[in-house]
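Tertiary structure, described
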Amino acid sequence: MNGNQNKTRIMQCPQCNWQNPASHTQCFSCHAPLPAPAAPRAAHANVPVIPGIWSRLAASGADAAAMIAAMFAFSWATSLSYQALLEQPCPQALTLSAGLLGLLLPALMDAWGAGSPGKLLFKQRVVKRDGQSPGLLRSLWRHLMKFPLNLALPGVFHHIQQAMFGERAMHNWAAGTYVVSSRADPRAILAAVSQTRSITGAGKFLLFAAGAVVLVLAGFVLAALTLGPRDADNPVVADVRHLDRVSQPVRMLAENHYRGTGKFAATLQDLGVTRESLASSGFSNLELNPANGVLRFTIAGPADANDASPLAGKHLVYLPELRAERKGGGIRRWQCGSDDIAVSDRHYGCRHAAGAAAP
């Protein structure tokens, strides 16, 4: 008997209309024989295990749209939340990290949820050979292998992969995953997965060649970043970096003064700095703005001499960035800039628009 299952099913007697449990073979009231219950219709009948190309491309397109929307939404929400909580501009690195999370959203949903937005929409899911979810690392690897070429050449690249890698495509073969219908019978999925043809020799060569190309391109990018024009190649930039470094003690004194008094210093005497100590660091003057705390260093040297440094008489400007009171207050960091030194002559850490706030 199918005890628990048949308790909720009723068989009506065709002669006396008595409601009998489905497990009975004759009517409890008139003892007339009852017809055999109809077998339940299989929910997974006639559902193909492997979705077709257009269904899979449509799912990829939906995932791409979801990635773009999530990237902007996460970046925007992070920026607004950071500014609301800390009352400071959101760091660009944090905004980019939130956008990266949006780009990886389909992979995260494939790993931890029922599937990416496109997969859910078109009744698909990603599985391993045992029919289970792929897991985080495998899903991320598959995602990064898939989108650059499939979205650059939609349809065309799929046919190329299909000829060499079968229905799985290159990214699925490399990650050990399969795209199947979420409505298919789990037993049919396992059977179809076990019969999937392995990668051909041409496919292995293509994968190896693609990997080699990626490595070469990555090497070119790294070389361009590390061997390209550097700050040290520009002697003026090197001088600015040196002056930025030797001004650090004066900025520390300004921080201590603000921490102790709650006000910005107005004179050199407030900081305990003399013109002689400034000159020993390469500066001829220091202007202080007690309203906003800006420090404006004048670089020593005659500006009109033929052999004078190109920085002589110019300025480095430092704008204090304050920490929220609930975080302890005080000066969080200094934004370095200049109102008369060209941006190309300053290192990356000194390209803030602090010069606009100079006294």
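So, a few notes on the structure that sits alongside this text. Each residue is numbered by its place in its chain's sequence as written, counting from 1. Reporting in this predicted model follows two pLDDT cut-offs: at least 70 for local features of residues, and 80 or more for side-chain atom pairs to be given and counted; totals over whole chains, interfaces and linings ignore these cut-offs and use all residues. Side-chain measures here rest on the full set of heavy atoms in the structure, leaving out hydrogens and waters.

Comments concerning the overall build of the protein
Counting from the N terminus, the helices are DSSP H or I runs at least four residues long and the strands are E runs at least two residues long. The number of helices and strands found in the protein is 14 helices and eight strands. Whether a residue is buried, partly exposed or exposed follows from its accessible area with a 1.4 Å probe, protein chains only, as a fraction of its type maximum: under 20%, in between, or over 50%, in that order. Taken across its 359 residues, the protein has 36% of its residues classed as buried.

Notes on the sheet that holds strand 6 (residues 295-299)
Read across the open sheet, the four strands follow the order 5-6-7-8; overall the sheet is antiparallel. Looking at strand neighbours, the two that pair on one side only are strand 5 (283-288) and strand 8 (331-337), the edges of this open sheet. Averaged over all pairs of adjacent strands, the angle between their axes in this sheet comes to 20°, without regard to strand direction. Strands are labelled as partners when DSSP assigns at least two bridges between them. In terms of strand pairing, strand 5 meets strand 6 through five bridges, oriented antiparallel. In the strand pairing of strand 6, leucine 286 is matched with phenylalanine 297. Together, strand 5, strand 6, strand 7 (315-322) and strand 8 form the strand contacts of helix 11 (residues 235-246), whose direction differs from that of strand 7 by roughly 50°. Simply put, an axis is a line fit to the C-alpha atoms, just over the touching stretch for a helix, and the angle between two N-to-C directions goes from 0 to 180 degrees. For this analysis, residues touch if any pair of their heavy atoms sits within 4.5 Å.

Quick notes on the pairing of strand 4 (residues 178-181)
The two faces of the sheet receive side chains in turn, since in a regular strand these alternate between them. By the alternation rule, side chains of strand 4 split into Tyr178 and Val180 and Val179 and Ser181, which are all buried. By the bridge criterion, four bridges tie strand 3 (residues 124-127) to strand 4 in an arrangement that is antiparallel. Opposite glutamine 124, over in strand 4, you have serine 181 as the bridge partner.

Let's talk about the state of the cysteines
Cysteine sulfur atoms are paired as a disulfide whenever they fall within 2.5 Å. Here the structure, examined in full by the defined rule, presents one disulfide. Each sulfur of the disulfide joining cysteine 336 and cysteine 350 lies 1.9 Å from the other. Note on the cysteine 336 and cysteine 350 pair: the S-S dihedral is about -55°, so by sign convention the disulfide is left-handed. Residue cysteine 336 is found in strand 8, and its partner cysteine 350 is found in the segment after strand 8; the two are separated by 14 residues along the sequence. The pair formed by cysteine 336 and cysteine 350 is uniform in burial state, with each residue classed as buried.

Re the packing of aromatic side chains
Remark: the centre distance and the inter-plane angle together describe each pair of aromatic rings, the angle taken between the planes. When the centres of two rings from Phe, Tyr and Trp lie within 6.5 Å, Trp using its six-membered ring, the rings pair. Their planes under 30 degrees apart give stacked, over 60 give edge-to-face, and anything left gives tilted. Evaluated as defined, the whole model comprises four aromatic pairs. Ring centres of phenylalanine 283 and phenylalanine 297 lie 4.8 Å apart, and the angle between their planes is 45°; on these two criteria the pair is classed as tilted. Taken as a pair, phenylalanine 283 in strand 5 and phenylalanine 297 in strand 6 lie far apart in primary sequence, 14 residues in all. Assessed through its relative accessible area of 1%, phenylalanine 283 is described here as buried. Phenylalanine 297 gets classed as buried once you look at its relative accessible area, which sits at 0%.

Examining the pattern of salt bridges
Take a side-chain nitrogen of Lys or Arg and a carboxyl oxygen of Asp or Glu: if they are within 4 Å of each other, that pair is a salt bridge. Using the criterion set out here, one finds six salt bridges in the structure. The residue aspartate 63 makes a salt bridge to lysine 119 at a minimum N-O spacing of 3.7 Å. With aspartate 63 in helix 2 (residues 53-86) and lysine 119 in helix 5 (residues 117-121), the pair connects residues that are 56 residues apart, well separated along the chain. For the pair aspartate 63 and lysine 119, a shared accessibility class is recorded, and that class is buried. Glutamate 287 is paired through a salt bridge with arginine 296; the nearest N and O atoms lie 2.9 Å apart.

Points about the nonpolar core
Core analysis: the largest hydrophobic core is formed by 26 residues, its most contacted members being Leu271, Leu286, Leu295, Phe297 and Leu316. Of all the secondary-structure elements, those providing two or more residues to this core are helix 11, helix 12 (248-261), helix 13 (268-271), strand 5, strand 6, strand 7 and strand 8. Aside from chain neighbours lying at most four places away, what touches phenylalanine 297 is Ser247, Val250, Leu278, Phe283, Asn285, Leu286, Lys314, His315, Leu316 and Tyr318. Definition of nonpolar core: a set of buried residues of the types Ala, Val, Leu, Ile, Met, Phe, Trp, Tyr and Cys, connected through side-chain atoms within 4.5 Å. The next biggest cluster of nonpolar side chains, apart from the first, holds seven residues, and it includes Val49, Val180, Ala184 and Ile189.

Details of the packing of helix 2 against helix 3 (residues 92-103)
Viewed as axis vectors pointing N to C, helix 2 and helix 3 meet at an angle of 150°, and their least axial separation amounts to 7 Å. With respect to helix 3, the axis of helix 2 lies roughly antiparallel. For the crossing formed where helix 2 meets helix 3, the hand is right-handed. Each of Met67, Ala70, Met71, Phe74, Ser75, Thr78, Ser79 and Tyr82 in helix 2 lies in contact with helix 3, whose residues at this interface are Leu94, Thr95, Ala98, Gly99, Leu101, Gly102 and Leu103. When residues are sorted by character, Ala, Val, Leu, Ile, Met, Phe, Trp, Tyr, Cys and Pro go into the nonpolar class, Asp, Glu, Lys and Arg into the charged class, and all the rest, Gly among them, into the polar class. Split by residue class, the contact of helix 2 with helix 3 holds nine nonpolar, six polar and no charged. For classification purposes, angles smaller than 35 degrees are called roughly parallel, those larger than 145 roughly antiparallel, those between 65 and 115 roughly perpendicular, and all remaining angles oblique. The crossing is said to be left-handed when, going from far helix to near helix, the turn is anticlockwise and less than a right angle, and right-handed when the turn is clockwise.

Description of unusual backbone geometry
The phi dihedral of asparagine 17 falls on the positive side, at around 65°, and the residue is not glycine. Structurally, asparagine 17 can be placed in the loop between strand 1 (10-12) and strand 2 (19-21). Owing to a relative accessible area of 46%, asparagine 17 belongs among the partly exposed residues under this scheme.

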